[in-house]
Amino acid sequence: MNWLVPTPVVLPLIGAGVSILVGRSRLAQRVVGITVLSLLVAVAAVLVVVVDRDGPVVVEAGGWAAPMGITLIADRLAAVLVLVAEVTMLAVLIYAIGEPRTERNHVGFQSAYLVLAAGVAASFLTGDLFNLFVAFEMMLTASYVLLTLGGRHDQVRSGMTYIVISLIASTLFVTALALLYSATGTVNMAQLAQRIAELPNGVQTAFAVLLLVVFGIKAAIFPLFFWLPDSYPTAPSPITAVFAGILTKVGVYAIIRTQLVLFPDGARPATLLLATAAVTMVVGVLGALAQDDLKRILSFTIVSQIGYMVMGLGFFTTAGVAAVVYSLVHHIVVKTALFLIGGVIDHTSGTSRLSEVGDLVRTAPRLAAMFLIAALSLAGIPPLSGFISKYALVDAGVAAHHLPVVAVSLVVSLLTLFSMIRIWSAVFWSPAEQSAGDAGVRRPPAGSAPLAMMLPTVALVACSIAVAVAAGPIYAFSQRTARDLLDPSSYITAVTRP
Amino acid sequence: MTVTLAGVAAVLFGVGSYLLLQRTLSRIIIGLGLLTHGANILLITAGRRGRPALVGRGDPGTFADPLPQALALTAIVITFGVTSLLLALAYRSWLLTRDDEVQDDVIDRAVARHDAVEEEIADQRELVASEEAG
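Residues numbered from 1 in each chain as written. Chains lettered and ligands numbered in written order. Predicted model: local features only at pLDDT ≥ 70, side-chain atom pairs only at ≥ 80, totals over all residues.

### Details of the overall build of chain B
Here is step 1 of the chain: Check the secondary structure of chain B and you find five helices and zero strands.
Here is step 2 of the chain: Each helix and strand of chain B, ordered N terminal to C terminal, gives the series α-α-α-α-α.
Here is step 3 of the chain: Sequence separation of at least 24 residues holds for 50% of the intrachain contacts in chain B that already meet a minimum separation of 6. (Helix = DSSP H or I, 4+ residues; strand = E, 2+ residues; numbered from the N terminus. Contact = placed C-beta atoms within 7 Å.)

Next up, the structure:
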């Protein structure tokens with residue numbers, strides 16, 4: 001079953017090439033894109049089952065043995081994240097095909113999207129720190145293209161910010177790699193885990209913090225988050241949805257992977273993580289309250305939710321890490337669904353400014369219901385998946401005696417609910433305040449959304465309910481994942497075995 | 001040798017950071033170029049260096065460590081690609097605005113001066129209304 005591991009990386013890259021070759025026919029491109037991503041969903045599902053049953057699956061690229069060659073490894077965390085990412089990317093691709101202003105106008109959309117899928121999967125599956133850098137760059141380069149696809153003025157401006165910030169993060173990553181290689185003589189994660197433990201304590205902590213900064217920029221934790229609410233909302237809705245759902249979570253994944261696998265207990269910056277988590281939660285949600293644009297509010301709540309995940313990691317207990325794994329699954333699905341609903345609102349009423357949209361509960365009651373489910377889930381109202389993830393995090397925090405940060409998280413949860421209800425009442429319930437106001441930004445309303453946009457949105461909201469309904473098995477899986485991560489010996493022996 | 005390379009890397013990082021903090025796009029891009037060169041030099045400094053490259057056969061100890069070189073090469077190629085994309089974007093920005101400076105974010109400013117903006121809109125509306133009446 002080893003061929004399963006490189007497939008999520010190789011197949012979309014081949015698909016991207018084919019997509020360019022058949023660029024004259026948009027229909028052929030769509031067939032390629034949907035086929036590739038559907039196959040990957042199946043592959044990832046099988047991978048999750050196999051990995052959960054037999055332990056980590058390792059593939060050495062080109063047959064070169066572990067410390068020399070590039071290792072690809074699928075453990076429980078990587079496998080489940082690949083599965084969730086592929087499902088979301090498939091849903092968003094169908095949505096993008098339905099949306100009239102994104103995929104239709106650009107010959108490069110499909111191939112850039114497939115390269116993005118390959119980069120995301122490669123980031124999850126790689127067992128080599130330098131290869132993680134390469135996978136990040138693959139993902140980011142595709143995201144640069146997707147973000148600036150229209151070439152509009154605001155896209156170019158915010159794309160600039162995004163690219164420059166990402167490039168600085170990448171440069172810091174290369175710097176960290178150079179220093180790590182000088183200190184240990186390897187970039188293979190399993191080998192690094194063994195050799196970092198032999199370094200002096202101060203050096204270990206310095207590396208842990210340096211890598212935290214690098215991935216903190218990608219994951220948008222305080223104080224490195226400011227680029228996110230600037231750049232994400234200017235992209236077309238499906239692009240924003242996939243960035244919001246997946247890209248920041250790749251950063252969180254990299255933080256989890258590096259902090260837990262590479263560094264021994266004493267070197268992990270637990271207090272720093274908890275403090276930044278608290279500030280990230282608060283600043284994110286306060287930013288969301290100040291905004292008027294739907295997409296910007298949702299972008300700020302991403303920052304706030306990232307804080308929750310960093311908090312769970314900061315406990316460094318099995319319960320905390322298990323809660324983070326569950327939150328990752330919940331958040332990728334719910335956040336993407338929210339952005340897709342935001343995109344439908346943008347499409348049907350021609351704008352996403354809260355002050356200009358109104359009364360949608362009359363014209364689009366089903367959309368209102370879906371938004372309410374996703375928004376309440378994000379805020380953590382029982383019995384939805386957000387409640388389970390927050391309850392698990394709070395429970396882990398109380399068990400680990402970190403009461404102040406838990407208290408902050410509860411207050412932020414309340415404020416998140418407030419910001420979601422603010423969207424709900426402005427967009428769906430109250431009449432528009434300034435309907436014919438400063439025109440120019442606003443497009444003519446389209447009335448109703450095509451089926452291809454509604455179908456994936458409904459599917460993702462259904463997925464978010466499924467994450468809550470199947471919380472028992474998923475949470476048990478998360479706990480097994482957390483045990484693997486906190487005791488990485490099975491990961492290390494899987495890579496370094498003779 | 002190591003001290004020289006470390007010094008070069010430090011200077012590149014310093015100059016790069018300074019240029020990065022400017023407001024014009026061309027300087028930001030040049031700054032990024034210098035910054036990434038600094039990182040690459042640091043990468044070259046890692047491992048066994050200052051010996052012949054890995055060519056032909058011989059005692060492994062006499063060659064320079066090839067891995068950092070391979071890593072640096074990869075990093076250079078990636079940076080090259082991203083920098084060309086940045087240059088294309090800067091050109092696009094210049095075409096659209098005829099200006100090399102990074103513009104303020106419109107919505108950020110709107111949020112910062114919320115009341116002022118609303119007043120302005122009200123003023124504009126009054127102006128339009130009076131013009132229509134006149």
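### Side note on the overall build of chain A
Here is step 1 of the chain: Across its full length, chain A carries 20 helices and two strands.
Here is step 2 of the chain: What you see for chain A is a C-alpha radius of gyration of 22 Å, in line with the 23 Å of a compact globule of 498 residues.
Here is step 3 of the chain: Across its three principal axes, chain A shows a C-alpha extent of roughly 70 × 55 × 40 Å.
Here is step 4 of the chain: Taking all 498 residues of chain A together, 63% fall into the buried category.
Here is step 5 of the chain: Taking the contacts inside chain A whose residues are at least 6 apart along the sequence as the reference set, 80% of them involve residues at least 24 apart. (Rg over C-alpha atoms; globule rule 2.2 N^0.38 Å. Buried ≥ 20, exposed ≤ 12 C-beta atoms within 10 Å, placed from the backbone.)

### Remarks on the nonpolar core
Here is step 1 of the chain: If you look at the biggest cluster of nonpolar residues, it comprises 224 residues, and the most contacted ones within it are V82, L125, L177 and A374 of chain A.
Here is step 2 of the chain: Setting aside chain neighbours within four positions, we find L125 of chain A in contact with V5, P8, V9, L72, I73, A74, A78 and V82 of chain A. (Core = buried A, V, L, I, M, F, W, Y, C linked by C-beta atoms within 7 Å.)

### Remarks on the interface of chain B and chain A
Here is step 1 of the chain: Taken together, the contact pairs 31 residues of chain B with 29 residues of chain A.
Here is step 2 of the chain: For the side of chain B that touches chain A, the secondary structure elements donating two or more residues are helix 2 (25–45), helix 3 (66–97) and helix 4 (106–112) of chain B.
Here is step 3 of the chain: Considering each element in turn, the side of chain B that touches chain A owes the most residues, 14 residues, to helix 3 of chain B.
Here is step 4 of the chain: When the residues that make up the side of chain B that touches chain A are grouped by side-chain class, the tally is 21 nonpolar, eight polar and two charged. (Nonpolar A, V, L, I, M, F, W, Y, C, P; charged D, E, K, R; others polar.)

### Here's the deal with the confidence of the model for chain A
All names here are of chain A.
Here is step 1 of the chain: In this model, chain A carries a mean pLDDT of 90, and residues with pLDDT of at least 70 account for 97%.
Here is step 2 of the chain: Taking the mean pLDDT of every element in chain A, the minimum, 82, falls on helix 14 (residues 360–363) and the maximum, 95, on helix 4 (residues 109–125).
Here is step 3 of the chain: Predicted confidence for residues 436–440 stays below pLDDT 50, and this span has three contacts to residues more than four positions away or in other chains. (pLDDT = per-residue confidence, 0-100.)

### A closer look at the pairing of strand 2 (residues 71–74) of chain A
All names here are of chain A.
Here is step 1 of the chain: Across the two faces of strand 2 the burial is the same, with T71 and I73 and L72 and A74 all buried.
Here is step 2 of the chain: Where strand 1 (residues 57–60) and strand 2 come together, four bridges link them in antiparallel fashion. Within strand 2, the residue paired with E60 across the bridge is T71. (Pairing = 2+ DSSP bridges.)

### Description of unusual backbone geometry
Residues and elements named next belong to chain A.
Here is step 1 of the chain: Residue P223 is reached from F222 by a cis peptide bond, and omega for that bond is -5 degrees.
Here is step 2 of the chain: Counting through the fold element by element, P223 comes out in the loop between helix 8 (201–219) and helix 9 (227–231).
Here is step 3 of the chain: Looking along the chain, the bond that leaves P382 and enters P383 is cis, with omega of 5 degrees.
Here is step 4 of the chain: Relative to the elements of secondary structure, P383 occurs in the loop between helix 15 (365–379) and helix 16 (385–399).

### Some words on the packing of helix 3 (residues 76–98) of chain A against helix 19 (residues 471–486) of chain A
Residues and elements named next belong to chain A.
Here is step 1 of the chain: Where helix 3 meets helix 19, the closest approach of the two axes is 9 Å, and the angle between their N-to-C directions is 135 degrees. With respect to each other, helix 3 and helix 19 are oriented oblique. Each of R76, L77 and V80 in helix 3 lies in contact with helix 19, whose residues at this interface are F477, R480, T481, D484 and L485.
Here is step 2 of the chain: Tallied by class, residues from the contact of helix 3 with helix 19 come to four nonpolar, one polar and three charged. (Axes fitted to C-alpha atoms, helices over the stretch in contact; angles between N-to-C directions. Parallel < 35°, antiparallel > 145°, perpendicular 65-115°, else oblique.)

### Side note on helix 6 (residues 153–184) of chain A
Every α-helix carries 3.6 residues per turn, so stepping three or four residues along brings you back to the same face.
All names here are of chain A.
Here is step 1 of the chain: Taking 1.5 Å of rise per residue, 32 residues should cover 46 Å, and helix 6 covers 46 Å from first to last C-alpha, within 8% of that figure.
Here is step 2 of the chain: The buried fraction of helix 6 is high, at 24 of 32 residues.
Here is step 3 of the chain: Taken from the residues just after helix 6, G185 is the one with a positive phi, measuring 75 degrees. (Expected span 1.5 Å × (residues − 1).)

### Points about the environment of E356 of chain A
Here is step 1 of the chain: Examined against the element boundaries, E356 of chain A turns out to sit in the loop between helix 13 (318–349) and helix 14.
Here is step 2 of the chain: For the pair E356 of chain A and D293 of chain A, spaced 63 residues apart in sequence, the C-alpha separation works out to 9.5 Å.

### As for helix 20 (residues 489–496) of chain A
All names here are of chain A.
Here is step 1 of the chain: Among all positions in helix 20, only Y491, A494 and V495 are buried. Angular distribution of buried residues about the axis of helix 20 spans 90 degrees; they occupy a single face of the element.
Here is step 2 of the chain: Check the buried side of helix 20 and you find it contacts strand 1, strand 2, helix 7 (189–196), helix 10 (237–262) and helix 19. (Arc of directions from axis to C-beta.)

### Observations concerning the environment of L372 of chain A
Here is step 1 of the chain: Mapped onto the fold, L372 of chain A is located in helix 15.
Here is step 2 of the chain: Measuring from C-alpha to C-alpha, the distance between L372 of chain A and T457 of chain A comes to 13 Å, with 85 residues separating the pair along the chain.

### A word on the packing of helix 15 of chain A against helix 17 (residues 403–429) of chain A
Residues and elements named next belong to chain A.
Here is step 1 of the chain: Look at helix 15 against helix 17: their axes get within 9 Å of each other, and the N-to-C directions meet at 165 degrees. As the angle between them shows, helix 15 and helix 17 are arranged roughly antiparallel. Between helix 15 and helix 17 the crossing geometry is right-handed. Here helix 15 contributes A368, F371, L372, A375, L378 and A379 to the contact with helix 17, which in turn contributes S413, T416, L417, M420, I423, W424 and F428.
Here is step 2 of the chain: For the contact of helix 15 with helix 17, the class distribution of residues is eleven nonpolar, two polar and no charged. (Left-handed = near helix turned anticlockwise from the far one by under 90°.)

### A look at the confidence of the model for chain B
Here is step 1 of the chain: Of all residues in chain B, 84% attain a pLDDT of 70 or more, and the chain-wide mean is 83.
Here is step 2 of the chain: Here the complex is predicted with pTM 0.91, and the ipTM for its interfaces comes to 0.84.

### Some remarks on the environment of T74 of chain B
Here is step 1 of the chain: Here T74 of chain B shows up in helix 3.
Here is step 2 of the chain: Residue classification places T74 of chain B among the partly exposed positions, given that 17 C-beta atoms sit within 10 Å.

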